[in-house]
Amino acid sequence: MKILIKETFKDDYISREAGEELRKSILAAINSKEHIVLDFQDLVIASTSFFDESIAKLVNENIRPDDFKEFVTIKDINRNDQKVLDQVTKYRGFNLQELKHPWRICPLGEHWVKEFPRKTSSGTTSVEGHCRKNPKNKDVISADELLHIANTHFKNLEMLPSNNDLKFPKGNDYNLIIAGWCQYWNETLKPETKIHPNIVKALIATESGFDPEPKVSKGHKAIGIMQLMPETLKYLSPSGKELKNLFLYVDSEEAQNPIVNISAGVRWLFRKYELTKLKLKRSPTWEEVLLDYKGVLTDESQKAKEIRDHVVKYMRALQ
Amino acid sequence: MHLTLPQKIGSERLDTVIESLSVMREVSELNLNWERVEKIEPAGRAIISILIDQAIEKNCLLIHSNLNSNIKKDHPLLKNLFKKDGLPKPDQHFYKDNNSFHICCEGGINLLYKEILTRDYINILDEDLLFSIQLVFNELIQNAVDHSTSERYYVYFGLVDDEVHFGVLDMGVTLPSKMEQKFNAKTDIDFLEMSLKEGITTRRLRSGGLGLYHTLEMIKEMGGKFVFISRDGQIRRYFSQRKISRLKLKSRLHGTWVMFTFKIKGHTK
């Protein structure tokens, strides 16, 4: 069902009466599990009352934001009307916005830029840290904000990896960072099964032995502690066409830092989860995702078998 | 009874016009002296419409003296003051020039103001300012229709120097009268203050409206001024200075007037 607001409410699209009428139509659609499109084409509503009565007050009808998102599509809404809608729904506790993670500094659709110096004719001044709008309002997290989050919030974490150093000198140096990013991405991406920090720890053991600058052969492009490929960083960015949302702005230099590297690596594991699920045609275990990340999930070669055994050995040691 | 109108009829210096409206409930004849009047601002047109309508409704004969031709052309009804055909029809109040308009609305929500704003001012004012103006208008119009139960309300808009002036005026049930049915307060100023707080509403049907509070929150960064008058109370809020003045009116206003002034600097095209 589609409601063209301009035609349906041509004499009055600002009042509570008009809003109530629209709310009844939305309610009927949701209750009968029918999809409804609210088309605001060529119209500026500019009324808190209309949006409050039509949409925000659905909360009083025991409609949950998830029900609304499942059955209602809002089309061609004016950007200022969207702000009013966001404000009134937030006020009623009928939050249609995806909530930003509490560790994030900036609102959804913006990313953090840390304080930086700016040269002027009279010397150098500092530009204070600030949030900057992302293109297309998608959610993007920058390396600056990843560092801020780790330095501010990575304590009292809910799930730590095993304290086994797997016989590497720095085997336990990154436990908090691993746990922090697993918690952040679990809470942000809400997977069917949460990723356990031991998965990431085992992966790091196989990739770099916990060395942020592992010795590699000439021409080797992989970066840092999780040995991310430059292409992977591009896939995670808004220009990568791999993700739909919740991107990372991280360049190769920034990815050298273990804090940034592990965050990007865990984000990539979550994307790998979706790809492995498509490959297996069922929900994979995180161990299977880890093997797919290593490229050995279905490979029957001797080399692949050796890598699998290696991973399994670390996983067992961490249990 | 004789009253001399001020030099400028607008959202400032309202004592004489409010006194005029108050005395015409008591006397059968009121002489308005226009001698000092030099300018009618957009708000002034709505006020003149109210003076004329109220005089007829209260059976008070208005006698105008020293009304010059320059001022007469500033309001459609001033041209034909001496015709006694009962209450002028809403469209007889209608005024529009290059910088302003004034509409008398009757019998519910009237979106003519939206049509004029989006057609005639879209190339002059930026999208955000036009949106903020509509947001305020929509809230005020609904308040006039729902709360005051007044048959008529008066909508004005105009560009004056570097400001945009707009507002909605009605002569229905006053806000303090409505508020005292539900809340307690010592003075009418307190009632007006209370009505601007979050979560306060006098609405019976579709209760729990967000009220003017949310609208003011959304537009306060526009700067400018807000004048809110009803019964014996008057509140003037200056957004950019974070200043509020609260005054008791010298004469009672049997209605509710809400008038806004926004700076247009930085909001023109």
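Per chain, residues are indexed from 1 in the order of the written sequence. The naming scheme follows written order: chains are lettered A onward, ligands numbered 1 onward. The predicted origin of the model limits local features to residues at a pLDDT of at least 70 and limits the giving and counting of side-chain atom pairs to 80 or more, whereas totals for whole chains, interfaces and linings rest on all residues. For side-chain calculations, the full set of non-hydrogen atoms in the structure is used, while hydrogens and water are omitted.

**A closer look at the overall build of chain B**
At step 1: To qualify as a helix, a DSSP run of H or I must reach at least 4 residues; to qualify as a strand, a run of E must reach at least 2; elements of each kind are numbered from the N terminus. Broken down by element type, chain B carries 10 helices and 11 strands.
At step 2: The C-alpha radius of gyration computed for chain B amounts to 18 Å, which stays within 12% of the reference 18 Å derived for 269 residues, consistent with globular compactness.
At step 3: Projected onto its principal axes, the C-alpha positions of chain B cover 45 × 45 × 35 Å.
At step 4: Between buried and exposed lies partly exposed: a residue is buried under 20% and exposed over 50% of the maximum accessible area for its type, with that area taken using a 1.4 Å probe on protein chains only. Out of the 269 residues belonging to chain B, those deemed buried represent 59%.
At step 5: Working rule for contacts: check all heavy atoms of both residues, and any pair within 4.5 Å makes them a contact. Considering only contacts within chain B whose residues lie at least 6 apart along the sequence, 67% involve residues at least 24 apart.
At step 6: Methods summary: accessible areas were calculated by the Shrake-Rupley approach with a probe of 1.4 Å, and residue burial reflects only the protein chains presented. For chain B, the accessible area works out to roughly 12000 Å², and carbon and sulfur atoms hold 45% of it.
At step 7: Side chains of chain B carry 38 positive and 35 negative charges; the gap between the two charge centres is 2 Å. The reference for a compact globule is 2.2 Å times residues^0.38; the radius of gyration itself is calculated from the C-alpha atoms. Note on charges: Lys and Arg go in the positive column, Asp and Glu in the negative column, and His and the chain ends are not counted at all. For this purpose, a charge sits on NZ of Lys, CZ of Arg, CG of Asp or CD of Glu.

**Regarding the sheet that holds strand β2 (residues 36-39) of chain A**
All names here are of chain A.
At step 1: Strands qualify as paired when DSSP identifies two bridges or more between them. With respect to topology, three strands assemble into an open sheet ordered β1-β2-β3, the strand pairing being parallel. Of all strands in the sheet, those bounded by a partner on one side alone are β1 (2-4) and β3 (72-75). Shown here is a sheet whose adjacent strand axes are inclined to one another by a mean of 15°, direction ignored.
At step 2: Relative to β2, β1 runs parallel, the two sharing three bridges. Within β2, the position partnered with I3 by the bridge is L38.
At step 3: Axis definition: a line fit to C-alpha positions, over the contact stretch in the case of helices; interaxial angles, taken between N-to-C directions, run 0 to 180 degrees. Strands β1, β2 and β3 of the sheet are contacted by helix α2 (residues 16-31), whose axis makes an angle of about 155° with β2.

**Observations regarding the environment of B:E41**
Residues and elements named next belong to chain B.
At step 1: Along the chain, E41 falls in the loop between β4 (39-40) and α2 (42-57).
At step 2: Given the relative accessible area of 8%, E41 is considered buried.
At step 3: Spatially, the C-alpha atoms of E41 and F157 are 9.6 Å apart, while their sequence positions differ by 116 residues.

**So, the packing of helix α8 (residues 197-207) of chain A against helix α11 (residues 286-293) of chain A**
Two measures define how a pair of helices packs: the angle their axes make with one another and the distance between the axes.
Residues and elements named next belong to chain A.
At step 1: α11 packs onto α8 with a crossing angle of 25° between their chain directions and a minimal axis gap of 10 Å. What the angle tells us is that α8 and α11 run roughly parallel. For the crossing formed where α8 meets α11, the hand is right-handed. Counting all contacts with α8, which are made through I199, A202, L203 and E207, the residues of α11 involved are W286, E287, L290 and Y293. Reported orientations rely on four angle classes, namely roughly parallel under 35 degrees, roughly antiparallel over 145, roughly perpendicular from 65 to 115, and oblique for the rest. A clockwise turn of the near helix away from the far one marks a right-handed crossing, whereas an anticlockwise turn of less than a right angle marks a left-handed crossing.

**Describing the domain arrangement of chain A**
At step 1: Parsing chain A into structural domains produces domain 1 (2-91) and domain 2 (118-318).
At step 2: The start and end points of each domain follow an automatic or database-based domain assignment. Domain 1 of chain A and domain 2 of chain A are separated by 40 Å when their C-alpha centres are compared.

**Looking at the sheet that holds strand β3 (residues 29-33) of chain B**
Residue and element names in this part refer to chain B.
At step 1: One open sheet accounts for three strands, arranged β1-β3-β5; its pairing is parallel. Sheet topology places β1 (2-4) and β5 (61-65) at the edges, where each strand pairs with a single neighbour. Adjacent strand axes in the sheet meet at a mean angle of 25° when their direction is disregarded.
At step 2: Here five bridges tie β3 to β5, and the two strands are oriented parallel to one another. Looking across to β5, one finds that L30 is bridged to L62.
At step 3: Those strands touched by helix α1 (residues 15-23) are β1 and β3, and its axis lies near 160° from that of β1.

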